[in-house]
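# Geometric and topological summary
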Amino acid sequence: MKFSIGGALKLAFRPWVEGLGNVPAEGPAILASNHLSFSDSFFLPAVLDRKVTFIAKAEYFTSPGVKGKLTAAFFKGVGQLPVDRSGARGAGEAAVRSGIEVIERGELFGIYPEGTRSPDGRLYRGKPGGLARVALATGAPVIPVAMIDTEKIQPPGQVVPKLMSPGIRIGEPLDFSRYHGMEHDRFILRSVTDEVMYEIMKLSGQEYVDIYATAAKRQIADAEKAAKEAAREAERAAKGAGGAERAGDR
């Protein structure tokens, strides 16, 4: 998959990379990245010589029909691990277990601390569960990563991707061994996560928003719903005024 899809991505989009030497040639490490696009999980592995294992929602692996089987085979092929997100706590535990298993094999574990894609290109507050707990339980270094402009390649609603060169900035490894074994202390988890997000912000140059991306998505959806309702009310009011005016003319 790396040679087929990865080679095609590099040839077509020519992504630029800074800090490639910060990824160790061997041994475990956690790659913590911002999340702008569905393609982030493909561009990052494409520029690395090593395999990167990400976690993905279980629906990608369980959809019915031929398309579902092809989708499942694709995600397995690129090293994605299924995580059932039906329960928030269960999903978090599954992500942590998956991450620890990858690290214990001496491999690279990729994770998006924001938990979901940014709805507007800004950087949102990191969730203190998976990233920090895996780092503190294993002692693996955390390497901050910034994806640049990947959201511009295929914005929502655009079928054909735009050929442009996205960027990837890889920061220096962060050592949290001083907190080893403290993965159940919520204040330590918050501190570790915030430190990683700060490094990602410096690398990406994104505006930071101190709320979770999931909350931002709800706010955006509510605002869009309210705007549509206001437009419908205005349309009804205009029709009502027009009817009253015609009645007056008669």
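Residues numbered from 1 in each chain as written. Predicted model: local features only at pLDDT ≥ 70, side-chain atom pairs only at ≥ 80, totals over all residues. Heavy atoms only, no water.

Bringing the packing of aromatic side chains into the picture now. Tallying each qualifying case throughout the model produces three aromatic pairs. Ring geometry for Phe13 against Phe43: centres 5.5 Å apart, planes inclined by 85 degrees, an arrangement best described as edge-to-face. With Phe13 in helix H1 (residues 2-13) and Phe43 in helix H2 (residues 40-47), this residue pair connects regions lying 30 residues apart in the sequence. Using a relative accessible area of 10% as the deciding quantity, one classes Phe13 as buried. (Phe/Tyr/Trp six-rings, centres within 6.5 Å; stacked < 30°, edge-to-face > 60°. Helix = DSSP H or I, 4+ residues; strand = E, 2+ residues; numbered from the N terminus. Buried < 20%, exposed > 50% of the residue type's maximum accessible area, 1.4 Å probe, protein only.)

Turning to the pattern of salt bridges, a few remarks are in order. Overall, the coordinates contain 13 salt bridges when judged by the stated rule. Its salt-bridge partner being Arg133, residue Glu93 comes within 3.0 Å of it at the nearest N-O pair. Highlighted residues: Glu93 in helix H5 (residues 88-104) and Arg133 in helix H6 (residues 130-138), separated in sequence by 40 residues. Taking the relative accessible area as the measure of exposure, Arg133 reaches 16% and is therefore buried. Between Glu229 and Arg232 there is a salt bridge whose closest N-O contact spans 2.8 Å. Pair noted here: Glu229 and Arg232 are both in helix H8 (residues 213-249), with a separation of three residues, about one helical turn. (Salt bridge = Lys/Arg side-chain N within 4 Å of Asp/Glu carboxyl O.)

All right, on to the sheet that holds strand S9 (residues 167-170) then. Sheet architecture is open: six strands sit in the order S1-S9-S8-S2-S6-S3, paired in mixed fashion. Lying at the two open borders of the sheet, with one neighbouring strand each, are strand S1 (16-18) and strand S3 (52-53). Examined bridge by bridge, strand S2 (residues 29-33) and strand S8 (residues 142-148) share four bridges and lie parallel to one another. The residue bridging Leu31 from the neighbouring strand is Ile143, located in S8. Strands in contact with H2 are S1, S2, S3, S8 and S9; relative to S8, the strand with the most contacts, it is inclined by about 115 degrees. The strands touched by H6 are S2, strand S6 (108-111) and S8; relative to S2, the strand with the most contacts, the crossing angle is about 165 degrees. (Pairing = 2+ DSSP bridges. Contact = heavy atoms within 4.5 Å. Axes fitted to C-alpha atoms, helices over the stretch in contact; angles between N-to-C directions.)

What follows concerns the packing of H1 against H2. Packing of H1 against H2 leaves a shortest axis separation of 9 Å and a crossing angle of 95 degrees. Put simply, H1 runs roughly perpendicular to H2. Between H1, through Lys2, Gly6, Leu9, Lys10 and Phe13, and H2, the contact on the second element is made entirely by Phe42, Phe43, Pro45 and Ala46. Classifying every residue of the contact of H1 with H2 gives six nonpolar, one polar and two charged. (Parallel < 35°, antiparallel > 145°, perpendicular 65-115°, else oblique. Nonpolar A, V, L, I, M, F, W, Y, C, P; charged D, E, K, R; others polar.)

A few words on the packing of H6 against helix H7 (residues 186-204). At their nearest, the axes of H6 and H7 sit 9 Å apart, and the two run at 105 degrees to each other. Taken as axis vectors, H6 and H7 run roughly perpendicular relative to one another. Counted together, Leu131, Ala132, Arg133 and Leu136 of H6 and Ile188, Leu189, Val192, Thr193 and Val196 of H7 form the full contact between these two elements. Classifying every residue of the contact of H6 with H7 gives seven nonpolar, one polar and one charged.

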